[in-house]
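Fold and contact review
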Amino acid sequence: MTTTPTAPIDITSPAYLDAYSRINGMVVVGEGLADRHFRLLGRAIPEDGPELDRLAAMEGRHATAFVGCGRNLGVKPDVALARQLFAPLHALFLEYDRQGDLPACLVIQGLIVECFAVAAYRHYLPVADAYAAPITAAVINDEGEHLGYAEQWLQARIVAGDQAVVASVAEASRRALPITLGILHHLAGDLTAIGMDPIEVLASFSELYQQALEAIGFEAAAARRILAGAAARAL
Ligand SMILES: [Fe+2]
Ligand SMILES: [Fe+2]
């Protein structure tokens, strides 16, 4: 249940458009990075290369579609701020990619970024303008598919007893989750300005990440500890 008042949002107000430029920048940059990350994963996992290139292409189309959502409102995405906010997460992905730590790469893009996207888009959907709403609804389904790919890959290895994968998932979560929570914290004011409740986004993200960890084979208590540890470090 949401406590957000249902007052209509004026999508033509300067305050709305100003906040939208930063949120739209995050979305466009995030989708562009997702495209790059899935292409890198496609090279690192050659047996799934065509599948991962297909997921990357979906992300590229998401970026283009959301640029269109901004253009429809006469807004240019603030990509400079977004690149700055995403930089630590992207750097961490590249670090794990260089080390050949595939599970950690899949945690960052396939679990964390995808859960973040699903949570944010789900809460944007009810307040989205008529142009952006159907685009957002379609994208939510796609992100669910991306999350499913990463879950399956990780789950298969954890079920097979690969303890190195378990350790990688825990470690990548420990390092990447506080960065993600920091991004959300930074955007809280802008999310509120476009009619979203940042607390609801955080709650949904935590719920989705908990579910993802359980889906790949973590005990519920272990998953809760990982999330609680990240929340403590993000304070
Ligand atoms: Fe996407
Ligand atoms: Fe995605």
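Every residue gets a number counted from 1 within its own chain, in the order that chain's sequence is written. As a convention, the first chain written is A and the first ligand written is 1, with the rest following in written order. The model is predicted, so local features are restricted to residues of pLDDT at least 70 and side-chain atom pairs to those at 80 or more, both for listing and for counting; the totals for chains, interfaces and linings are taken over all residues. Note that water and hydrogens are dropped before the side-chain values are worked out from all heavy atoms of the structure.

What about the coordination of the iron ion (ligand 2)?
Keep this limit in mind: Think of the donor list as every N, O and S atom within 2.8 Å of the metal, or within 3.2 Å for Na, K and Ca; water never makes the list, so a site can look incomplete. Numbering of helices and strands starts at the N terminus; helices are DSSP runs of H or I of at least 4 residues and strands are runs of E of at least 2. The cut-offs for exposure are 20% and 50% of the maximum accessible area for each residue type, with area from a 1.4 Å probe on protein chains only; residues under the lower value are buried, those over the upper are exposed, and the others partly exposed.
Taken together, the protein donors to the iron ion (ligand 2) comprise Glu 59 (OE), Glu 114 (OE), Glu 114 (OE), Glu 143 (OE) and His 146 (ND1), at separations of 2.0 to 2.3 Å. Between the two metal centres, the iron ion (ligand 2) and the iron ion (ligand 1), the spacing is 3.5 Å, with Glu 59 acting as a shared donor. On the criterion of sequence distance, the pair formed by Glu 114 in helix α4 (residues 102–124) and Glu 143 in helix α5 (residues 132–159) is long-range, its members being 29 residues apart. Residue Glu 114 is classed as buried on the basis of its relative accessible area of 1%.

Things to note about the coordination of the iron ion (ligand 1)
Within the first shell, the iron ion (ligand 1) binds the protein through Glu 31 (OE), Glu 31 (OE), Glu 59 (OE), His 62 (ND1) and Glu 143 (OE), at distances of 2.0 to 2.8 Å. Of note, the iron ion (ligand 1) draws all its donor residues from one chain, in the sequence arrangement E-x27-E-x2-H-x80-E.

So, the side chain of Glu 151
Put simply, the rule reads: Charged residues are defined narrowly, with Lys and Arg counted positive, Asp and Glu counted negative, and His plus the chain ends left uncounted. What counts as a salt bridge is simple: a side-chain nitrogen of Lys or Arg found within 4 Å of a carboxyl oxygen of Asp or Glu. Should any heavy atoms of two residues lie within 4.5 Å, those residues are considered in contact.
Here Glu 151 shows up in helix α5. Despite its burial, Glu 151 pairs with no opposite charge; the closest candidate is Arg 122, at 9.9 Å N-O. Not counting the four nearest positions on each side in its chain, Glu 151 is found in contact with Leu 111, Ala 212, Ala 215 and Ile 216.

Focus: the packing of helix α2 (residues 49–72) against α5
To be explicit about the condition: Fitted lines through C-alpha atoms serve as axes, helices being fitted only where they are in contact, and the angles separating the N-to-C directions of these axes extend from 0 to 180 degrees. Here roughly perpendicular refers to angles of 65 to 115 degrees, roughly parallel to angles under 35, roughly antiparallel to angles over 145, and oblique to all remaining angles. In this scheme the handedness of a crossing depends on how the near helix is turned from the far one: anticlockwise by less than a right angle means left-handed, clockwise means right-handed. Only Asp, Glu, Lys and Arg are considered charged in this grouping, and only Ala, Val, Leu, Ile, Met, Phe, Trp, Tyr, Cys and Pro are considered nonpolar; every other residue, Gly among them, is considered polar.
Two numbers describe how α2 lies on α5: the axes approach to 11 Å, and their chain directions differ by 155°. Classed by the angle they form, the pair α2 and α5 counts as roughly antiparallel. For the crossing formed where α2 meets α5, the hand is left-handed. Listed contacts from α5 to Glu 51, Leu 52, Arg 54, Leu 55, Met 58, Glu 59, His 62, Ala 65, Phe 66 and Cys 69 of α2 are Ala 132, Ile 135, Thr 136, Val 139, Asp 142, Glu 143, Glu 145, His 146 and Tyr 149. In terms of residue class, the contact of α2 with α5 is built from 10 nonpolar, 3 polar and 6 charged.

A word on helix α6 (residues 163–193)
For the α-helix, the turn length of 3.6 residues means that residues three or four positions removed from each other point alike. Convention followed: Each residue after the first adds 1.5 Å to the expected span of a helix. The angle between axes fitted to the seven residues ending at a residue and the seven residues starting there is what we call the bend at that residue. Any N or O atom pair separated by 3.5 Å or less is treated as a polar contact, with the protein-specific requirement of one donor-capable and one acceptor-capable atom, and with residues adjacent in sequence counted only for side-chain atom pairs.
With 31 residues, α6 extends 44 Å from end C-alpha to end C-alpha; this agrees with the ideal 45 Å at 1.5 Å per step. Leu 187 marks the point of greatest bend in α6, at about 55°. At the N-terminal boundary of α6, the capping side chain belongs to Asp 162, with an oxygen 3.1 Å from the backbone nitrogen of Ala 164. Of the residues one or two after α6, Gly 195 is the one with positive phi, at around 100°.

Description of the pattern of salt bridges
Opposite charge on two side chains permits them to pair, given that their charged atoms come into close proximity. Applying the stated rule across the entire model yields 8 salt bridges. With a closest N to O distance of 2.7 Å, Arg 22 and Asp 190 form a salt bridge. Here Arg 22, found in helix α1 (residues 14–44), pairs with Asp 190, found in helix α6; they are 168 residues apart in sequence, far enough to count as distant. Accessibility expressed as a relative area gives 13% for Asp 190, which makes it buried. We note a salt bridge from Arg 54 to Glu 51, for which the minimum N-O separation is 3.3 Å. Separated by 3 residues within a single helix, Arg 54 and Glu 51 lie in helix α2, roughly one turn from each other. By relative accessible area, Arg 54 is classed as partly exposed at 37%. Three or more residues are tied together by salt bridges with common partners; here these are Asp 18, Arg 22 and Asp 190.

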